[in-house]
Amino acid sequence: IETVFNVDQIRADFPILQETVNGKPLVYLDNGASAQKPKQVIDAISNYYLHEHANIHRGVHTLSQVATAKYEEGRQKLARWINAKKDHEVIFTRGTTEGINLVASSFGQSLKAGDEIIVSHMEHHSNLVPWQMICERTGAQLRVVPISDAGELDMETYTSFLSEKTKLVAIVHVSNTLGTVNPVKDIIQQAKAVGALTMIDGAQSVPHMRVDVQDLDCDFYSFSAHKMYGPTGFGALYGKESVLDALPPYMGGGDMIKSVTLEKTTYNELPHKFEAGTPSIANGMGMSATIDYLESIDFDGAIAHEQKVHAYAQEQLSEIDGIRFIGEAKHKEGVISFLVGDIHPYDIGVILDQQGIAVRTGHHCTEPLMHRFNIPGTVRASFGMYNTFGEVDALVKGIHKAVKMLS
């Protein structure tokens, strides 16, 4: 196991980082949308299709048994990575969004008029729209925790919202737009005190920090493989065994059943109860390889390196005339969102792209947040463990060029 984090060594594992875009070396600063994949993960996916492909869980033949064993081994690795108590508390999904929808759909069946769900003003649409849909269907109420100008949750208001009416608190761990790291442990403890369940959106936290679901004591934690250097279309929902056992299934079909007659079906045990149909087996192999990769490097060193690059970027960007940061929380991770003067974010993004620099522009699936700050969107630079100080310099230079051309 590598003990010292070496960014050049890490970069060599990611083939796409050697690409050029518009004749310039690629500077990839859109990790919040999706991180790149190391060759080890890409190889695991193609190896499965080349040598191991068979449908899983039902086959008596060798290929099916080999594929099943490897796929389920991925679940064990992932459970260990987030410190779940049991492997079957990890439900495989297509990503964070599906995990949240699964809980909204299944848990939502128990809600009625007068019940309350608490979310915050900084939620991604994925952790807002499913709850709105369930509230419309059941007559439950949505309560929205406001945020400060710095982009931090108003914890006093949160505490005041909690009551025996609160059935669920759904909060993002790290904001994809602001980078705010929320005090989720405190949020979870307070919710437990009134008997509410907790759903944490971990899409932006798992790639940037160690997450321990037992330590957090949350009921649900949802995240995606593709943000953490794994394949797209794959992710996981962690749920406490007792809570998952009590929930009705989300989808009906193969694999989620024990026995089926035309009149009545009995459901399978965890995790299969929530995994109907043939899963994305190849991406499951990719996810398994992702955990192997993260365990093979100095992950804590990677986190520390990324934080240094992030701090350097914040420092260098703040020297640009007319720059305005959206999200200045004390605890931040992974992203920097900003505007320069009255230049539209899209225009900055286009000029940066011409220089091979990939950033995200727009509302980042957090429209209510944009209304809160009264802006059309932001330019967002988001970091991964393979980003470098030199790439930050390229970004700053690129923004200077954009400002010159656009003002």
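Up top is the structure.
These numbers were taken from a predicted model, which means no experiment stands behind them.

**Q** Please give an account of the sheet that holds strand β4 (residues 90-93) that cites residues and values.
**A** Read across the open sheet, the seven strands follow the order β4-β10-β9-β8-β7-β5-β6; overall the sheet is mixed. Among the strands making up the open sheet, the edge pair consists of β4 and β6 (141-145). Neighbour to neighbour, the strand axes of the sheet diverge by 20 degrees on average, direction disregarded. In the sheet, strand β5 (residues 116-120) pairs with strand β7 (residues 166-172) via three bridges, with the strands oriented parallel. From the neighbouring strand, E116 faces β7, where its bridge partner is T166. On top of the sheet, helix α5 (residues 129-138) reaches β5, β6, β7 and β8 (197-201); it is set at about 145 degrees to β6, its chief contact.

**Q** Account for the sheet that holds strand β13 (residues 323-325), naming residues and giving values.
**A** Reading across from one edge, β13-β14-β17-β16 is the order of the four strands in this open sheet, with antiparallel pairing throughout. In this open sheet, the two strands that pair with only one neighbour each are β13 and β16 (360-362). Taking each pair of neighbouring strands and ignoring which way they run, the sheet shows an average axis angle of 30 degrees. Note that β13 and strand β14 (residues 335-340) share three bridges and pair antiparallel. Bridge pairing links R324 to L339 in β14. Relative to the sheet, helix α11 (residues 299-317) contacts β13 and β14, its axis offset from that of β14 by approximately 10 degrees.

**Q** Provide a residue-level description of the layout of surface pockets, including the pertinent values.
**A** Here the largest pocket defines a volume of roughly 390 Å³. Elements with a contribution of two residues or more to the lining of the largest pocket: α4 (96-108) and β16. When the residues that make up the lining of the largest pocket are grouped by side-chain class, the tally is five nonpolar, 14 polar and five charged. If you add up the space inside the second largest pocket, you get close to 230 Å³. By residue class, the composition of the lining of the second largest pocket is nine nonpolar, five polar and three charged.

**Q** Lay out the packing of aromatic side chains in plain terms, naming residues and giving numbers.
**A** Overall, the coordinates contain 11 aromatic pairs when judged by the stated rule. Relative to Y293, the ring of F14 has its centre 6.0 Å away and its plane inclined at 85 degrees; by these criteria the two rings are edge-to-face. Placement of the pair is F14 in the loop between α1 (7-12) and β1 (20-21) and Y293 in helix α10 (residues 281-296), with a sequence separation of 279 residues. Look at Y71 and F234: their rings are 6.4 Å apart centre to centre, the planes differ by 85 degrees, and that puts the pair in the edge-to-face class. Here the residue Y71 occupies a position in helix α3 (residues 62-81), and F234 occupies one in the loop between β9 (220-224) and β10 (235-239), the gap between them amounting to 163 residues. The pair Y71 / F234 is uniform in exposure class, with both members buried.

**Q** Any details on empty space enclosed by the protein? Residues and values, ideally.
**A** Under the definition given, this model contains one cavity of 30 Å³ or more. The computed volume of the largest cavity comes to approximately 40 Å³. Surrounding the largest cavity, W81, I82, V206, M209, R210, V211 and F299 form its lining. Its residues assigned to classes, the lining of the largest cavity shows six nonpolar, no polar and one charged.

The rules behind each value
The residue count restarts for each chain, going from 1 along the sequence in the order it is written. Per-residue local features of the predicted model are confined to residues with pLDDT of at least 70, and side-chain atom pairs are confined, for both listing and counting, to 80 or more; whole-chain, interface and lining totals are unaffected and use all residues. Neither water nor hydrogens contribute to the side-chain values; these are computed over all heavy atoms in the structure. Here a strand pair is declared whenever DSSP counts at least two bridges between the two strands. Strands here are runs of E lasting at least two residues and helices are runs of H or I lasting at least four, both read from the DSSP assignment and numbered beginning at the N terminus. Interaxial angles span 0 to 180 degrees and are taken between N-to-C directions of axes, which are lines fitted to C-alpha atoms, for helices over the stretch in contact. Contacts are residue-level and defined by heavy atoms, with any inter-residue pair within 4.5 Å sufficient. The pocket and cavity definitions rest on a 1 Å grid over protein atoms only: a 1.4 Å probe that fits but cannot leave marks a cavity, an open set with protein on both sides within 12 Å along at least five of seven lines marks a pocket, and residues lining either have an atom within 4 Å of a point. Grid points are joined across faces, edges and corners, and a volume is the space filled by probe spheres set on the points. Charged means Asp, Glu, Lys or Arg here, nonpolar means Ala, Val, Leu, Ile, Met, Phe, Trp, Tyr, Cys or Pro, and polar covers whatever is left, Gly included. Note on aromatic contacts: the rings of Phe and Tyr and the six-membered ring of Trp form a pair at centre separations within 6.5 Å, being stacked when their planes are under 30 degrees apart, edge-to-face when over 60 apart, and tilted otherwise. Burial classes follow relative accessibility: with a 1.4 Å probe on protein chains only, a residue under 20% of its type's maximum area counts as buried, one over 50% as exposed, and anything between as partly exposed.

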